[in-house]
Amino acid sequence: MREIHVAVGVIIRDGRVLIARRPEHAHQGGLLEFPGGKVEPEETVQAALAREIAEETGLEIPLGSLRPVIGIRHDYGDKRVFLDVWKTDQAQGEALGREGQPVHWVSPDSLRDEDFPAANRPIIRALQLPSLLAITGHVGSGARGLQQMQGAIAGLSKTRGSGLVVLRAPDRSAGDYATLAESALDACESAGFGLVVHGSPTTFDDSPDAAGLHLPWREARRLEARPVPDGVWLGVSCHDAGEIEHAACIGADYVTLGPVKPTATHPGRAALGWAEFRELVSGARVPVFGLGGLAPADLAEAQEAGGQGVAGIRYWWPGG
Ligand SMILES: Nc1nc2c([nH]c(=O)n2[C@@H]2O[C@H](COP(=O)(O)OP(=O)(O)OP(=O)(O)O)[C@@H](O)[C@H]2O)c(=O)[nH]1
């Protein structure tokens, strides 16, 4: 079956995103969608998007304002699609359902998987995830270590607003880790951040109030199904295409991929570089954060390569 190249637009205005309802008789009819449609032969994806969005909503899209979000290959059984998703916050005009379909501006956090076609799940995740993932560095022992961690999280909220913190402390025993996670949860809550615990499924069982679980590859490889409920973030550390695909199969909401640049923490491991990162991201059906020697200054490059954003320690953790 031939794959259909579909241009999909995430149009953002005042923090809300434009959605429409697919006509009952259409493929995946009755479900919600982001506006868009098939890319015609000889047409660029950006031009297709501007054309479809003008036809469907009357909005005008400046082509130069489009930024890549994610690309998703999906087989519906009766149709194979490649959703090529781009976003803009510079659409001009008032949105109207020009083909009779209802259109609405809604908050990304209110989007629910079951209201959209199955292929849309990673798009929804990409819109709900932050662009920076803050991973903790070494947490010293005792009260001083705790204070440092709390200070770092509080500091993060001053510069970054909101987001996710991954508490990485592989040297701790399960009991020690759960206690540390409790303090980190409090600090994250006051800072308006979500805390993602790092380890195995039992790490999450020990801290069920956490916003998510991040699995190192050695844990993810052993799983065949999603180990946490929906609504809880599931992340996986990946290093190649096979690992990313496995992460998608067990229902990961995002993956980290690296090292993109050489790092002091993993000196023996060869860096991927941006070209390889881009290539691996293009085959991924989950949002991908670049990791390894990266900082917020690399965000534009990571997103230009199709990534969700960057994950890192050094840019925010005291002493890196
Ligand atoms: N526009 C759009 N299509 C989506 C989304 N998610 C998703 O799986 N699709 C699928 O992508 C394909 C694109 O279809 P479309 O029907 O919008 O394209 P079109 O306007 O060019 O179609 P037509 O010429 O058949 O009327 C459909 O199979 C649809 O089910 C989405 O969020 N937006």
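Residues numbered from 1 in each chain as written. Predicted model: local features only at pLDDT ≥ 70, side-chain atom pairs only at ≥ 80, totals over all residues.

- The name an unreviewed UniProt entry assigns to the protein is 8-oxo-dGTP diphosphatase, from the organism Marinobacter aromaticivorans.
- Reading the Cofactor (unreviewed entry) entry of the UniProt record for the protein gives the comment "Mg(2+)".
- For the protein, the Sequence similarities (unreviewed entry) comment in UniProt is given as "Belongs to the Nudix hydrolase family." (UniProt positions renumbered as here; feature names shortened; annotations may be inferred.)

## Examining the packing of helix α3 (residues 142-160) against helix α4 (residues 174-191)
Here's step 1: The contact between α3 and α4 brings their axes to 9 Å, and the two run at 20°. Between α3 and α4, the angle is such that the two are roughly parallel. Where α3 crosses over α4, the handedness of that crossing is right-handed. Residues Leu146, Met149, Gln150, Ile153, Ala154, Leu156 and Ser157 of α3 lie in contact with α4, whose contacting residues are Ser183, Ala184, Ala187, Cys188 and Ala191. (Axes fitted to C-alpha atoms, helices over the stretch in contact; angles between N-to-C directions. Helix = DSSP H or I, 4+ residues; strand = E, 2+ residues; numbered from the N terminus. Parallel < 35°, antiparallel > 145°, perpendicular 65-115°, else oblique. Left-handed = near helix turned anticlockwise from the far one by under 90°. Contact = placed C-beta atoms within 7 Å.)

## Some words on the pairing of strand β1 (residues 3-13)
Here's step 1: Relative to strand β6 (residues 80-88), β1 runs parallel, the two sharing nine bridges. The partner of Val8 across the bridge, within β6, is Val85.
Here's step 2: Bridge count for β1 against strand β2 (residues 16-21) is two bridges, and the pairing is antiparallel. Note on β2: the bridge partner recorded for Arg13 is Arg16.
Here's step 3: Between the antiparallel neighbours β1 and β2 lie two residues, among them Asp14 with a positive phi of about 50°. (Pairing = 2+ DSSP bridges.)

## So, the site of the ligand
Here's step 1: Around the ligand, 17 residues are found, and the nearest of them are Glu33, Gly36, Gly37, Lys38 and Pro117.
Here's step 2: Those elements that provide at least two residues to the shell around the ligand are β1, β4 (36-38) and β6.
Here's step 3: The class makeup of the residues in the shell around the ligand is nine nonpolar, five polar and three charged. (Near = placed C-beta within 6 Å. Nonpolar A, V, L, I, M, F, W, Y, C, P; charged D, E, K, R; others polar.)

## Here's the deal with the domain arrangement of the protein
Here's step 1: According to the domain assignment, the protein contains domain 1 (3-124) and domain 2 (129-312).
Here's step 2: Averaged C-alpha coordinates put domain 1 and domain 2 at centres separated by 29 Å.
Here's step 3: Taken together, the seven residues of domain 1 in the interface contact six residues of domain 2.
Here's step 4: No other element matches the six residues that strand β5 (residues 67-75) contributes to the side of domain 1 that touches domain 2. (Domains from an automatic or database assignment.)

## Considering the UniProt feature "domain: Nudix hydrolase" (unreviewed entry) in the protein
Here's step 1: UniProt tags residues 1-131 as "domain: Nudix hydrolase" (unreviewed entry).
Here's step 2: As a span, residues 1-131 carries 16% helix and 34% strand, and end to end its C-alpha atoms are 35 Å apart.

## Concerning unusual backbone geometry
Here's step 1: A cis geometry characterises the amide bond from Gly258 onward to Pro259, with omega recorded as 0°.
Here's step 2: Here Pro259 lies in the loop between β13 (254-257) and α8 (273-282).
Here's step 3: A positive phi angle, close to 50°, is found at Asp14, a residue other than glycine.
Here's step 4: Relative to the elements of secondary structure, Asp14 occurs in the loop between β1 and β2.
Here's step 5: Phi is positive for Glu42, close to 75°, though the residue is something other than glycine.
Here's step 6: Locating Glu42 in the fold gives a position in the loop between β4 and α1 (45-57).
Here's step 7: Judged by the 6 C-beta atoms lying within 10 Å of it, Glu42 falls in the exposed class. (Buried ≥ 20, exposed ≤ 12 C-beta atoms within 10 Å, placed from the backbone.)

## Some thoughts on the nonpolar core
Here's step 1: The biggest cluster of nonpolar side chains holds 87 residues, and the ones touching the most others in it are Val165, Ala184, Leu195 and Val255.
Here's step 2: Sort the elements by how many residues they give to this core and α4 lands first, with eight residues.
Here's step 3: Formed jointly, this core draws a minimum of three residues from each of two domains, domain 1 (3-124) and domain 2 (129-312).
Here's step 4: When neighbours within four sequence positions are excluded, Leu195 is seen to be in contact with Val165, Leu167, Ala181, Ala184, Leu185, Cys188, Ala210 and Ala211. (Core = buried A, V, L, I, M, F, W, Y, C linked by C-beta atoms within 7 Å.)

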